[in-house]
Amino acid sequence: MTSPIAGGVDCDLHPALPHLTSLLPYLNDYWRDQVTTRGMTDLESQSYPPHSPISARPDWRPVEGKPGASLHDLTTQALDPFGTAIGICNPLYGLQMVFSEDMADAFCRALNDWLVKEWLDKDTRLRGSIVIPAQNVEKAVAEIERCARDRRFVQVLMLAMGDIPLGKRALWPIYAAAERHGLPIGVHAGSNYHNPPSSVGWGSYHIEDYVAQAQAFQTQLTSLIIEGVFAKFPNLKVVMLESGFTWLPSFVWRLHKFWRGVRMETPWVDRAPMEIVRSNVRFSLQPVDAPPDAAVLDRIFDQMQSDELVLFSTDYPHWQFDGNDVLPDGLPPDLVRKIMIDNPHATYGRLKGAEAKEAAA
Amino acid sequence: MNVQFRPAAERGAPAGAVTAIADCDIHPARRSMRDLYPYLSKRWQEHLETYGGHAYQGMMEGPPYPKAQPNASRRDAYPPEGGVQGSSLSFMQKQHLDPNNVVLGVLNPLNTGQGLRNQDLSAALATAVNDWQVAEWTSKEPRLKASIVVANEDGSAAAAEIRKRAGDPNFIQVLLLSRNVEPLGQRRYWPIYEAAQEVGLPIGVHAFGFGGNPITASGWPSYYIEEMVGHSQCQQTALASLVLEGVFARFPKLKMIMVEAGFGWAPSLSWRLDRVWQRLRSEVPHVSRPPSEYIKDHIWWTTQPMEDPERRDHLFQTIDWIGWDKLLFATDYPHWDFDEPMRVLPAGVSDADRAAFYLGNAKKLYGLT
């Protein structure tokens, strides 16, 4: 195994909301009443069925309650063992599935307040992602503005499968707000299930949906590049979370070939796709979709032609690795340092401010 | 590419001087739908005139994303006698088969009624297209072989068409498209796999088609290039569905060819499938072996559009995983993104692998001598 080094940044942790009713203290009277009077059920998404093997590592599974719901478990299981200095919380509660724009907005505000109160306030190592009601771009921007005042929010969180492709111009005000506040856009695996979870329709199985996340990330990367998001917002970073990254080289070969062929269609894409990826797009480490063979992984990093694209993650509590094998075999020490420390700090501008503040205090 | 660089014939090279190749993806075109009328009943001719094809997309005519070229085809491929690119056998012979020394050409007719919403029309058109391929192409040019076009959304009609053509040497594969109403592993398509296995023909799964599903899991993108690049994601998901539904476990002699969807993604998709299967195999007990094994045993890949990374060793690493014995050379003639035969493979490939890549693998798969 490759040993982690202390002081790393874990870019993909999933604190779980115990239940929709856990948001009640953070909702106003109207929405509290809506939840109770209408008998609303928990908004758990089928992307991660709580009892699915992939949703929690067996030894991380609590005796009762949802995996990832306990602060104590998260810090002792995900942070302490790897000497992690900073952990970024990406709540995956199913608010993106909500159809009502107003309800989505109220619930997102409550979820972000819950994250501050129940997690960020309780452990100084934790940072948060702003969950937004992408159902309504104006409200999403307002929520970014509201949360961005708290420097512990370091990212805006969206899903790999939504209503429209991420590059679409309708979403650009979100990217403008994120760039303005130095917040990367984190795109996490998951769907709002408003479209079929694959580009060829509805499959039969949970395993198909999970495999298809990688293809969804690929089409999103196409969309972000081709629509010109990074030409318009050159300082915006997009972080693909739980996306896998071993598909990146062959994906870019294909995109590059077609870009050469039909670039007259999108003249604003004035740099080669791989160049855009290198300057603006990052990927979380887990899952490592490769065989446990150091030579294979070495080839993949060579094909990526950069050691700056991958950011350390455990994907806690999802079951991506066993024991302390969070880093795949055979990573050279320089690359470990890049993945665990340098790359996350270069990506998340707001971590610098936090460090300086802590040092001053 | 839009035009071919100095075709071999213009350079004055005799055909015999060019390596003999198989082209496993050639698109014969109709000048118009009326070319099929001799093979369609009066009823369906009138139906087409009155109602059109009624596909799973909104356009009466043409594609929803305008192509980069007229008919997505090379500008130098218009036949001198008129008609769209790919509609003239004599010009295809002169421009492509002769100068590129194509000794085996596999016809994959597109826009021929696969996956229309009216299943009876789809079945009638499939039969007509198959008759047309024999009458207008393969009976006149022995180097060309036809694909059995089927009404893929109607499994029993499709299976009947396959059995009807069994033993006819004009046909060497069944043709499906990647984008359908449901992922290709779903049971509605199993009669097709059963029939193909029974008659001993491989199935070519060509990228494209319209099944009513957006080409991303986040809805419809804006640009043609997104559709073109997106076909590889569709193909990946379709292949994952075939494996995870247990199609290859159920039909162990079935052979499939992934046509015009790239092959660079084969390793990373297989690795992801294997990893996730280790975790979630209790959900799919019918998938009893690691998914990559089914892919290695049952899948062949046409080459065009060939991935061309900056460094050729990256290409060779990918092919080494897939196997040099699993690639079938294809040009996609007359389409604009045609891969020119002798420029596609970088230097550094052994003679045996080259021979397999250009011709040997195709002959072996299709059982031709």
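Please read these numbers as outputs of a predicted model, since none were measured by experiment. (Residues numbered from 1 in each chain as written. Chains lettered and ligands numbered in written order. Predicted model: local features only at pLDDT ≥ 70, side-chain atom pairs only at ≥ 80, totals over all residues.)

Trainee: Would you explain the interface of chain B and chain A in this entry?
Mentor: With 56 residues of chain B in contact, the opposing surface of chain A contributes 61 residues. A total of 15 residues in the side of chain B that touches chain A trace back to one element, the largest contributor, which is helix α6 (residues 224-244) of chain B. The residue inventory of the side of chain B that touches chain A, partitioned by class, reads 25 nonpolar, 20 polar and 11 charged. (Contact = placed C-beta atoms within 7 Å. Helix = DSSP H or I, 4+ residues; strand = E, 2+ residues; numbered from the N terminus. Nonpolar A, V, L, I, M, F, W, Y, C, P; charged D, E, K, R; others polar.)

Trainee: Can you help me understand the sheet that holds strand β8 (residues 310-311) of chain A in this one?
Mentor: Sheet strands associate in pairs through backbone hydrogen bonding, adopting either a parallel or an antiparallel arrangement. Residues and elements named next belong to chain A. Here eight strands make up an open sheet; going across it, the order is β1-β2-β3-β4-β5-β6-β7-β8 and the pairing parallel. With partners counted over all chains shown, the strands left at the sheet margins are β1 (9-13) and β8, one partner each. Pairing of β1 with strand β2 (residues 86-89) involves three bridges; the strand directions are parallel. Among the inter-strand pairings, D10 is bridged to a residue of β2, identified as G87. Set on the sheet, helix α2 (residues 71-79) makes contact with β1 and β2; between it and β1 the angle comes to about 130°. (Pairing = 2+ DSSP bridges. Axes fitted to C-alpha atoms, helices over the stretch in contact; angles between N-to-C directions.)

Trainee: Even after reading the chapter, I still don't get the nonpolar core, so can you show me in this structure?
Mentor: Side chains of nonpolar character tend, in soluble globular proteins, to be buried together. Counting 209 residues, the largest nonpolar core has A:V156, B:V174, B:I192, B:V243 and B:L328 as the members making the most contacts within it. B:V243 has contacts with B:F248, B:L273, B:V287, B:P291, B:Y294 and B:I295, leaving out every residue within four places of it along the chain. (Core = buried A, V, L, I, M, F, W, Y, C linked by C-beta atoms within 7 Å. Buried ≥ 20, exposed ≤ 12 C-beta atoms within 10 Å, placed from the backbone.)

Trainee: Teacher, can you tell me more about the sheet that holds strand β7 (residues 299-302) of chain B here?
Mentor: Residue and element names in this part refer to chain B. An order of β1-β2-β3-β4-β5-β6-β7-β8 is seen for the eight strands of this open sheet, with the pairing classed as parallel. Of all the strands in the sheet, just β1 (21-26) and β8 (327-328) have a single pairing partner and so form its edges. Summarising the sheet, strand β3 (residues 144-149) and strand β4 (residues 171-177) pair through four bridges and their orientation is parallel. Within the sheet, the bridge partner assigned to S147 lies in β4 and is Q173.

Trainee: Whenever I open this one, the pairing of strand β2 (residues 102-107) of chain B confuses me. Can you help?
Mentor: For a regular strand, side-chain orientation follows a simple rule: the groups alternate between the two sheet faces. Residues and elements named next belong to chain B. Most of β2 is tucked away, with five of its six residues classed as buried. The sheet contact formed by β1 and β2 spans four bridges and is parallel. Each bridged residue has a counterpart across the sheet, and for I21 the counterpart in β2 is V102. Of the strand pairs in this sheet, β2 and β3 are connected by two bridges, and their pairing is parallel. Residue V106 lies in a different strand from β3, and its bridge partner there is K145.

Trainee: Can you help me understand the environment of B:S122 in this one?
Mentor: Residues and elements named next belong to chain B. For S122, the position within the fold is in helix α3 (residues 119-138). Given 26 C-beta atoms within 10 Å, S122 falls into the buried group. Sequence separation between S122 and L110 is 12 residues, and the spatial gap between their C-alpha atoms is 13 Å. Not counting chain neighbours up to four residues away, the residues in contact with S122 comprise G113, G115, L116, A151, E153 and D154.

Trainee: Even after reading the chapter, I still don't get the pairing of strand β4 (residues 153-161) of chain A, so can you show me in this structure?
Mentor: Residues and elements named next belong to chain A. Most of β4 is tucked away: nine of the nine residues are buried. With four bridges joining them, strand β3 (residues 126-131) and β4 adopt parallel strand pairing. Across the sheet, the residue bridging to V131 is L157, located in β4. For the segment spanning β3, helix α4 (residues 137-148) and β4, crossover handedness is right-handed. As judged from the five bridges shared by β4 and strand β5 (residues 185-191), these two strands associate in the parallel manner. Across the sheet, the residue bridging to V156 is I185, located in β5. (Right-handed = clockwise from strand over helix to strand, strands pointing away.)

Trainee: Would you mind showing me how to read α4(A) here?
Mentor: Residues and elements named next belong to chain A. When the terminal C-alpha atoms of α4 are compared, their 16 Å separation across 12 residues agrees well with the 16 Å that a helix rising 1.5 Å per residue should span. What α4 keeps buried is the set A140, E143, I144 and C147. The buried residues of α4 occupy an angular sector of 105° when the element is viewed end-on, so they sit on one face. Packed against the buried residues of α4 are α3 (101-120), β3, β4 and α5 (172-180). (Expected span 1.5 Å × (residues − 1). Arc of directions from axis to C-beta.)

Trainee: How do you make sense of the confidence of the model for chain B when you look at a structure like this?
Mentor: Should the pLDDT be low somewhere, the predicted coordinates at that spot are not to be read in detail. On average, residues of chain B score 94 in pLDDT, and 95% of them are at 70 or above. In the predicted assembly, ipTM is 0.95 and pTM is 0.95. (pLDDT = per-residue confidence, 0-100.)

Trainee: Just checking my understanding: could you explain unusual backbone geometry for this structure?
Mentor: One can expect most non-glycine residues to show negative phi and most peptide bonds to be in trans. At the junction of A:Q286 and A:P287, the peptide bond is cis and its omega measures out at 5° in the coordinates. Inspection of the secondary structure assignment puts A:P287 in the loop between β7 (281-284) and α10 (294-304). The residue after A:Y316, namely A:P317, is reached through a cis peptide bond having omega 0°. Note on placement: A:P317 falls in the loop between β8 and α11 (333-347). Phi is positive for A:Q305, which is not a glycine, with a value near 55°. Note on placement: A:Q305 falls in the loop between α10 and β8. Judged by the 16 C-beta atoms lying within 10 Å of it, A:Q305 falls in the partly exposed class. Phi at B:A72 is positive, roughly 55°, even though this residue is not glycine.

Trainee: Looking at this structure, how should I read the packing of α4(A) against α5(A)?
Mentor: The relative placement of two packed helices is expressed as an angle between their axes plus a distance between the axes. Residue and element names in this part refer to chain A. Closest axis-to-axis distance for the α4/α5 pair is 9 Å, and the angle between their directions is 10°. Our classification of the angle between α4 and α5 gives roughly parallel. Along the contact surface, α4 presents V137, A140, V141, I144 and E145, while α5 presents P173, I174, A177 and A178. (Parallel < 35°, antiparallel > 145°, perpendicular 65-115°, else oblique.)

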